[in-house]
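Below, each chain spelled out in residue letters.
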Amino acid sequence: MKLGREPDAAAFLAETALGLGTIRGVDQGWRRDLLIAARKHPKPMLIVWGDRDKILPHRHLETAKRAFPDARSHLFPDTGHMPQIERAPEFAALVQEFLASQV
């Protein structure tokens, strides 16, 4: 909330959002470039999503899993776009378990 009160925060958010896509969806150019770059340097990956995400609906999780078939994934119930905030204890436990499994 503090960051949202900073001068020009709304303009910055609007500029960022418009760079990522439009009301019609995600801009495929940067998405394609990101997928290509991520595949060039494979690392252990944990994909998390909220089942009530109104920004990127949870159906996108299936697309992410197809793009990164070796990744682990988790769908948080009753959670929106920011599971790391909305479900902080559960998110932290999931990440800790994931990191421990990578040793």
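About the cut-offs
- In every chain, residue numbers begin from 1 and rise along the written sequence.
- Per-residue local features are limited, in this predicted model, to residues with pLDDT of at least 70; the limit for side-chain atom pairs, both in listing and counting, is 80 or more; totals at the level of whole chains, interfaces and linings are taken over all residues.
- Computation of side-chain values: all heavy atoms of the structure, hydrogens and water removed.
- Points on a 1 Å grid over protein atoms alone make up a cavity when a 1.4 Å probe fits among them but cannot get out, and a pocket when they form an open set with protein on both sides within 12 Å along at least five of seven lines; lining residues each have an atom within 4 Å of a point.
- Grid points are joined across faces, edges and corners, and a volume is the space filled by probe spheres set on the points.
- Secondary structure counts use DSSP, requiring at least four H or I residues in a row for a helix and at least two E residues in a row for a strand, with both numbered from the N terminus.
- Whether a residue is buried, partly exposed or exposed follows from its accessible area with a 1.4 Å probe, protein chains only, as a fraction of its type maximum: under 20%, in between, or over 50%, in that order.
- In this charge count, Lys and Arg are treated as positive and Asp and Glu as negative; neither His nor the chain ends contribute.
- In the sections that follow, a salt bridge refers to a side-chain nitrogen of Lys or Arg positioned within 4 Å of a carboxyl oxygen of Asp or Glu.
- Two N or O atoms count as a polar contact when they lie within 3.5 Å, although within protein this holds only if one can serve as hydrogen donor and the other as acceptor, and sequence-adjacent residues are included solely when both atoms are side-chain atoms.
- Every residue pair with non-hydrogen atoms within 4.5 Å of one another is taken to be in contact.

J.: Would you mind going over the layout of surface pockets with me for this structure?
T.: Using a probe with the size of a water molecule, rolled over the atoms, empty space left in the structure can be pinpointed. Put simply, the second largest pocket is a space of about 260 Å³. In terms of lining, the second largest pocket is formed by 15 residues, of which the most central are P42, K43, F68, D70 and A71.

J.: Explanation requested: the side chain of D53 in the structure shown.
T.: Among the structural elements, D53 can be located in the loop between β3 (46-50) and α3 (59-67). Among buried Asp, Glu, Lys and Arg side chains, D53 stands out as unpaired, with K54 the closest opposite charge at 9.1 Å. Only 2.8 Å separates the side chain of D53 from the backbone nitrogen of I55, close enough to count as a polar contact. When neighbours within four sequence positions are excluded, D53 is seen to be in contact with T79, G80 and H81.

J.: How do you make sense of the side chain of T79 when you look at a structure like this?
T.: Position of T79 among the secondary structure elements: in the loop between β4 (72-76) and α4 (83-86). When sequence neighbours within four positions are dropped, the list of residues in contact with T79 reads G50, D51, R52, D53, E86 and R87.

J.: Hey, could you run me through the environment of W49 in this one?
T.: Within the secondary structure layout, W49 lies in strand β3. With relative accessibility at 13%, the residue W49 sits in the buried group. Considered as a pair, W49 and G80 are 31 residues apart in the sequence and their alpha carbons are 7.9 Å apart.

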